[in-house]
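Residues per chain are reported as follows:
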Amino acid sequence: MEIMEALRTRRSIRKFEDRPVSEELVRQVLDAAMMAPSAGNAQPWQFVLVNDRTLLEGVAAIHPYVKMVLQAPLGILVCGDLSKEKYPGYWVQDCAAAMENLLLAAHGLGLGAVWTGIHPMEDRVAAYTKLFDLPENVIPLGFA
């Protein structure tokens, strides 16, 4: 898919088909996310691939706008790792760029995805941190 077409046609998808996503497609989506620009090329992102049904149900239970994940075969938690920052505070912009690359890659590969926000909502950050047992330096930004 040509880039301008991808930008014009990408949509937030909230209904998913009950079929698996190949490891190759997941790898391509994550590779695209990691090609995002970042301040000082620090690449302070961490990605948590979530394909465990219990965790997906947990995500649906803690976030008011993620109920559609119950239909999805997997989700990706995008987090900022503060220990990797060169320029403190820019992790949000860096991870947002990674999330957008992830969404565009998913669209270009024929997959559906939607960005659901976590940071800066403190209750959501705390709930995801607890559910995924994230270390103190890893902050969840969004779930796709």
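The paragraphs below set out a description of the structure included in this document. (Residues numbered from 1 in each chain as written. Predicted model: local features only at pLDDT ≥ 70, side-chain atom pairs only at ≥ 80, totals over all residues. Heavy atoms only, no water.)

What follows concerns unusual backbone geometry. Across the junction of His 119 and Pro 120, the peptide omega takes the value 15 degrees, indicating a cis bond. Relative to the helices and strands, Pro 120 is located in the loop between strand E3 (116-117) and helix H5 (122-131). Phi is positive for Asn 41, which is not a glycine, with a value near 55 degrees. Looking at the element boundaries, Asn 41 is found in the loop between helix H2 (23-34) and strand E1 (45-50). (Helix = DSSP H or I, 4+ residues; strand = E, 2+ residues; numbered from the N terminus.)

A word on the sheet that holds strand E4 (residues 138-143). Whether parallel or antiparallel, the strands of a sheet pair through hydrogen bonds between backbone atoms. Pairing within the open sheet is antiparallel, and its 4 strands lie in the order E1-E2-E4-E3. Each end of this open sheet is capped by a strand with a single partner; those strands are E1 and E3. One ladder, built from 2 bridges, connects E3 with E4; its direction is antiparallel. Considered in E4, the bridge of Gly 117 is made with Gly 142. Against the sheet, H5 engages strand E2 (75-81), E3 and E4, with an angle of about 105 degrees to E4. (Pairing = 2+ DSSP bridges. Contact = heavy atoms within 4.5 Å. Axes fitted to C-alpha atoms, helices over the stretch in contact; angles between N-to-C directions.)

Interhelical geometry of helix H3 (residues 53-62) versus H5 gives an angle of 160 degrees and a closest axis separation of 10 Å. Taken together, the axes of H3 and H5 are roughly antiparallel relative to one another. Handedness of the H3/H5 crossing: right-handed. Here H3 contributes Leu 55, Gly 58, Val 59 and Ile 62 to the contact with H5, which in turn contributes Ala 127, Tyr 128 and Leu 131. (Parallel < 35°, antiparallel > 145°, perpendicular 65-115°, else oblique. Left-handed = near helix turned anticlockwise from the far one by under 90°.)

What follows deals with the side chain of His 107. Relative to the assigned elements, His 107 resides in helix H4 (residues 91-108). His 107 has contacts with Met 1, Ala 6, Thr 9 and Arg 10, leaving out every residue within four places of it along the chain.

All right, on to H5 then. Looking at H5, one finds that the buried residues are Arg 124, Val 125 and Tyr 128. Looking straight down H5, one finds its buried side chains confined to an arc of 100 degrees; they lie on one side. What points out from H5, more than 90 degrees from its buried face, is the exposed set Glu 122, Asp 123 and Lys 130. Buried residues belonging to H5 abut H3, E2, E3 and E4. One or two steps after H5, the chain reaches Asp 133, where phi turns positive at roughly 50 degrees. (Buried < 20%, exposed > 50% of the residue type's maximum accessible area, 1.4 Å probe, protein only. Arc of directions from axis to C-beta.)

Moving on, we come to the pairing of E2. Burial runs high along E2: 7 of the 7 residues are buried. Pairing of E1 with E2 involves 6 bridges; the strand directions are antiparallel. Looking at the pairing, Val 48 lines up with Leu 77 of E2. As paired elements, E2 and E4 share 5 bridges and run antiparallel to each other. Among the inter-strand pairings, Cys 79 is bridged to a residue of E4, identified as Pro 140.

Right, let's get into the packing of aromatic side chains. By the definition in use, this model includes 2 aromatic pairs. Taking 6.3 Å as the distance between ring centres and 10 degrees as the angle between the ring planes, the aromatic pair formed by Tyr 128 and Phe 132 counts as stacked. With relative accessibility at 0%, the residue Tyr 128 sits in the buried group. Look at Tyr 128 and Phe 143: their rings are 6.2 Å apart centre to centre, the planes differ by 40 degrees, and that puts the pair in the tilted class. Here Tyr 128 is found in helix H5, whereas its partner Phe 143 is found in strand E4, with 15 residues between them in sequence. For the pair shown, Tyr 128 and Phe 143 are each scored as buried. Through successive ring pairs, a cluster of aromatic residues spans Tyr 128, Phe 132 and Phe 143. (Phe/Tyr/Trp six-rings, centres within 6.5 Å; stacked < 30°, edge-to-face > 60°.)

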